[in-house]
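Overview (structure and organization)
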Amino acid sequence: MTFDRIAVLGGGAWGTALANVTAGAGRKVTLWEHEPSNAEQLAQRRESRFLPGVRIEDAIAVTRDLAVAARAEAILLVVPAQAMRSVVKALAGAIAPRTPIIACAKGIEHGTHKFMTEVIAECAPEATPAILSGPSFAADVARGLPTAVAVAAHDEALAAGLAKALASRGFRPYQSSDVRGVEIGGAAKNVLAIASGIVTGRGLGASASAALTTRGFAELVRFGRALGARTETMMGLSGLGDLILTCSSPQSRNFTFGVNLGKGLATKDIHGKTGLAEGAFTAPVLLEMARERSVDMPISAAVAAVLAERITVDEAIESLLTRPLKSEA
């Protein structure tokens, strides 16, 4: 199963990085960008305004015509989670049957509680949904620094084919058939990264950060099991790997969002500073889904409460520190 013609939908930092790495893997790449000024900059200056200083490969064709991008043999869909539905609807009528659409956003849709592959399946029933996720920063990938991610599809042979098509010297995809597990890791870790950022912003120390990340991972595993994910997926690149990366680096928008919360900034004042922090949108949805399944997620609950301004950061910290003592297991 080979995929020589691949389209990347979305000319932001992550879309630009994935277009570069896919072209570097020897594929014919089309990069679609909806926003006119960024599309012009991509085409003329060969640089995304969201990833300055990184030149996109000359062989990458830039277009604003979705029908042109839809001719690809596989499509990397690199748009924000809450915009996924509208883009897939626009794409659905133009693709060939069974075309793989690989979601590259980490989140859960508001209102429907659907994961990204579920949105794809609903809006483009002729397509084949897949997911790409893992510990990866756009700037690292775009510059060819070593990165490993997970690519999941219900058909493991398809996942293997996609992994092979995207693989290059610096970019190593691992195949999986645990679609839900890969999606859960990507969505939940963004919420936990906000919590980790709060700890750092409040100056609570490295010990508190380590404890927060470890107990956050326990929440992620509990939530994953409740939705049928495999434990080994939670412990892999898209789960533990992505959690470690996102909870420890200012390159993470979610972590930086949390740092600003910890320093006392109001939620409404932070979005413009950090760009889109997907965890801020995912937190209330994640908590609703956890409650429906009676999954205990105290850290995620505290983040959601802080974001909704029901409690202060200090009250959230106090609530976690005064929880009843119990076995770690």
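Below is a short write-up of the structure. Here the residue index of a chain counts from 1 through its sequence in written order. Reporting in this predicted model follows two pLDDT cut-offs: at least 70 for local features of residues, and 80 or more for side-chain atom pairs to be given and counted; totals over whole chains, interfaces and linings ignore these cut-offs and use all residues. Hydrogens and waters are ignored; side-chain quantities use all the structure's heavy atoms.

A closer look at the side chain of Asn190
- Within the secondary structure, Asn190 sits in helix H8 (residues 179–201).
- Contacts are assigned to residue pairs that have any heavy atoms within 4.5 Å of one another. For Asn190, the residues in contact, after removing those within four places along its chain, are Lys106, Thr246, Asn254, Glu278 and Gly279. Secondary structure elements are defined from DSSP: runs of H or I of at least 4 residues count as helices, runs of E of at least 2 residues count as strands, and each element is numbered from the N terminus.

Some thoughts on unusual backbone geometry
- Phi is positive for Arg46, close to 60 degrees, though the residue is something other than glycine.
- As for its position among the elements, Arg46 is in the loop between helix H2 (36–44) and strand E3 (61–63).
- In this structure, Glu309 is a non-glycine residue whose phi angle is positive, near 60 degrees.
- Relative to the helices and strands, Glu309 resides in the loop between helix H15 (298–307) and helix H16 (313–321).
- Relative accessibility thresholds used throughout: buried, under 20% of the residue-type maximum; exposed, over 50%; partly exposed, between the two (1.4 Å probe, protein chains only). Residue classification places Glu309 among the exposed residues on the basis of a relative accessible area of 58%.

Some thoughts on the pairing of strand E5 (residues 100–103)
- Side chains of E5 alternate between two faces, with Pro100 and Ile102 and Ile101 and Ala103 buried alike.
- Two strands qualify as a pair provided that DSSP identifies no fewer than 2 bridges between them. As paired elements, strand E4 (residues 74–77) and E5 share three bridges and run parallel to each other. Residue pairing in the sheet places Leu77 in a bridge with Ala103 of E5.
- A right-handed crossover is one whose linking path, passing over the helix from the first strand to the second, runs clockwise when the strands point away from the viewer. The handedness of the E4 to E5 crossover, carried by helix H4 (residues 84–92), is right-handed.
- Bridge count between E5 and strand E6 (residues 128–133): four bridges; the pairing is parallel. Its bridge partner being in E6, Ala103 is matched across the sheet by Ile131.
- Taken together, E5, helix H5 (residues 116–123) and E6 constitute a β-α-β crossover, and its handedness is right-handed.

Considering helix H12 (residues 253–262)
- Among the ten residues in H12, eight count as buried, and that is most of the element.
- Taken together, the buried positions of H12 are Asn254, Phe255, Phe257, Gly258, Val259, Asn260, Leu261 and Gly262.
- Its side-chain oxygen placed 3.3 Å from the backbone nitrogen of Asn254, Ser252 serves as the N-cap of H12.
- Where H12 ends, the next residue or the one after it, Gly264, has phi of about 105 degrees, a positive value. Whenever a nitrogen or oxygen atom comes within 3.5 Å of another N or O atom, the pair is scored as a polar contact, on the condition that within protein one atom can donate a hydrogen and the other can accept it, and that pairs from neighbouring residues in sequence are kept only if both atoms are in side chains.

Quick look at the pattern of salt bridges
- Put simply, a salt bridge is a Lys or Arg side-chain nitrogen that is within 4 Å of an Asp or Glu carboxyl oxygen. All chains considered together, the criterion is met by 16 salt bridges.
- Between Arg180 and Glu183 there is a salt bridge, and its shortest N-O distance comes to 2.6 Å. On the criterion of helical spacing, the pair formed by Arg180 and Glu183 is a turn pair, its members being three residues apart in helix H8.
- Taking the relative accessible area as the measure of exposure, Glu183 reaches 4% and is therefore buried.
- Note that Asp242 and Lys189 form a salt bridge whose closest N and O atoms lie 3.9 Å from each other. In this pair, Asp242 sits in helix H11 (residues 237–246) while Lys189 sits in helix H8, placing the two residues 53 residues apart along the sequence. Each member of the pair, Asp242 together with Lys189, is buried.
- Beyond isolated ion pairs, a larger network of salt bridges with shared partners links Arg85, Glu109, Lys114 and Glu122.

Structural notes on the pairing of E6
- Of all six residues making up E6, five are buried, and the element is well covered by its neighbours.
- The pairing of E6 with strand E7 (residues 147–152) spans three bridges and is antiparallel. Following the sheet pairing, Ile131 is matched in E7 by Ala152.

What to know about the sheet that holds strand E1 (residues 5–9)
- Strand order in the open sheet formed by eight strands is E3-E2-E1-E4-E5-E6-E7-E8, and the pairing between neighbours is mixed. Only two strands of the sheet have a single neighbouring strand rather than two, namely E3 and strand E8 (171–176). For this sheet the average axis-to-axis angle between neighbouring strands, irrespective of direction, equals 25 degrees.
- Along the sheet face, H8 touches E6, E7 and E8 and points at about 45 degrees away from the line of E6.
- Contacts from H11 reach E6, E7 and E8 within the one sheet, and its direction differs from that of E7 by about 145 degrees. Inter-axis angles, ranging from 0 to 180 degrees, are taken between N-to-C directions of lines fitted to C-alpha atoms, where helices are fitted over the stretch in contact.

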